[in-house]
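What follows is each chain in one-letter form.
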Amino acid sequence: MATKHFLLAIFVLLLSFGPLNVSAVSPQCGKEITQCHNKEEALKMKIIAIAAILVMSMIGVCLPLFSHMVPALQPDKNLFVVVKAFASGVILATGYMHVLPDSFEDLTSECLPERPWRKFPFTTFVAMLSAIVCMMVDSISMSRYKKSFLRATGNGDLRNSTKIESAESADIGHGRERKIEEGINTKEEQLMKHRIVAKVLETGIVVHSVVIGLSMGSSENPCTIRPLIAAICFHQLFEGMGLGGCILQAEFGSKMKVIMMFFFSCTTPFGIVLGIALSNVYEDNSPKSLIVEGLLNACSSGLLNYMALVDLLAAEFMGPKLQSNIKLQVWSYIAVLLGAGGMSVMAIWA
């Protein structure tokens, strides 16, 4: 439900963004008329894009969730770790190679006044704040969970429980019970961490997907839309695999899994539909659109970069499974480079 409210806020923002310093801009800014301008042909391409992106998104996010049919792709298997590393590389490159440059391009456009948009690096500033907020969500959520867990187990606050555990550790007779309790606690904490990661990661992806869909839906240039369809399809496929892996590890209930799959799969197509509906009033190069898109992309970039580096890659590579297996660690690094490299190459067409 939080994702739903966040999307609604974005749409309201896009429609009602008004009090911005957009005076004294170039008269050439606005809807650009090119030699490839063809409204009817562009509409056909958009309909194809909606169907193709929806299918590829569903395939990508569903593949990890049906991994129980393939024993080698279970979360505790080595192949799953390598595939997840590849998908994490895709998400990392999405933030650095696709979202961040788009935000720079929007917020430094000649269509915006020099002050303040080209005098201050808003893109990196917003991305930095977004990453900090993401870390706050991680930290506060885990703290709240630990406190609720300790209350439920009757251990009081965290400091008291630490003292109790220290005293118990001296009692050999209770050693076995303490180890069992610690194992349960660690497992629950890890599960909570996976759930936070999955929800925050989807939020970052959804924000970027809305912007992509709006841009494509409002465009009337088939020459631009045609290569974007292939690039976005591959993008959604691999990004969906990364998100699907996080959802699988989070062990959500069936209802939550369906909701998260639905939002990921439908956000970009819905953005395209919204862009088509607003094509008469929404202009890619208008100052207001550039500011809104640029700020949203910067925010999304901060989320994706933090999640990819801290919660996905660092957590995996510093974990016991990879730290105890150098060969698997090397293969995982290769997978990360392949995923990031593939998405970087796609930046040529996207």
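Residues numbered from 1 in each chain as written. Predicted model: local features only at pLDDT ≥ 70, side-chain atom pairs only at ≥ 80, totals over all residues. Heavy atoms only, no water.

## Notes on the pattern of salt bridges
Here's step 1: For the structure shown, the criterion picks out four salt bridges.
Here's step 2: Residues K193 and D311 are paired through a salt bridge, measuring 3.0 Å at the closest nitrogen-oxygen approach. Note that K193 is positioned in helix 7 (residues 175–218) and D311 in helix 10 (residues 287–317), a separation of 118 residues in sequence. (Salt bridge = Lys/Arg side-chain N within 4 Å of Asp/Glu carboxyl O. Helix = DSSP H or I, 4+ residues; strand = E, 2+ residues; numbered from the N terminus.)

## A look at the side chain of Q329
Here's step 1: Tracing the backbone shows Q329 in helix 12 (residues 326–346).
Here's step 2: Judged by relative accessible area, which is 14%, Q329 ranks as buried.
Here's step 3: Excluding its chain neighbours within four sequence positions, the residues that come into contact with Q329 are F317, L322 and Q323. (Buried < 20%, exposed > 50% of the residue type's maximum accessible area, 1.4 Å probe, protein only. Contact = heavy atoms within 4.5 Å.)

## Focus: unusual backbone geometry
Here's step 1: Note that the residue after R115, namely P116, is joined by a cis bond; omega there is 5 degrees.
Here's step 2: Position of P116 relative to the elements: it lies in helix 4 (residues 114–117).

## Regarding the packing of aromatic side chains
Here's step 1: Scanning the entire structure with this criterion turns up six aromatic pairs.
Here's step 2: On the basis of an interplanar angle of 75 degrees and a centroid distance of 5.2 Å, the ring pair of F86 and F238 is categorised as edge-to-face. Of this pair, F86 sits in helix 3 (residues 78–107) while F238 sits in helix 8 (residues 222–250), and the two are 152 residues apart along the sequence.
Here's step 3: Judged by relative accessible area, which is 21%, F86 ranks as partly exposed.
Here's step 4: Since its relative accessible area comes to 22%, F238 is described here as partly exposed.
Here's step 5: Ring plane angle 70 degrees and centroid distance 5.0 Å describe the contact between F120 and F122, whose orientation is recorded as edge-to-face.
Here's step 6: F120 sits in the partly exposed class, given a relative accessible area of 38%.
Here's step 7: Taken together through their ring pairs, the aromatic side chains of W117, F120, F122 and F125 make up a single cluster. (Phe/Tyr/Trp six-rings, centres within 6.5 Å; stacked < 30°, edge-to-face > 60°.)

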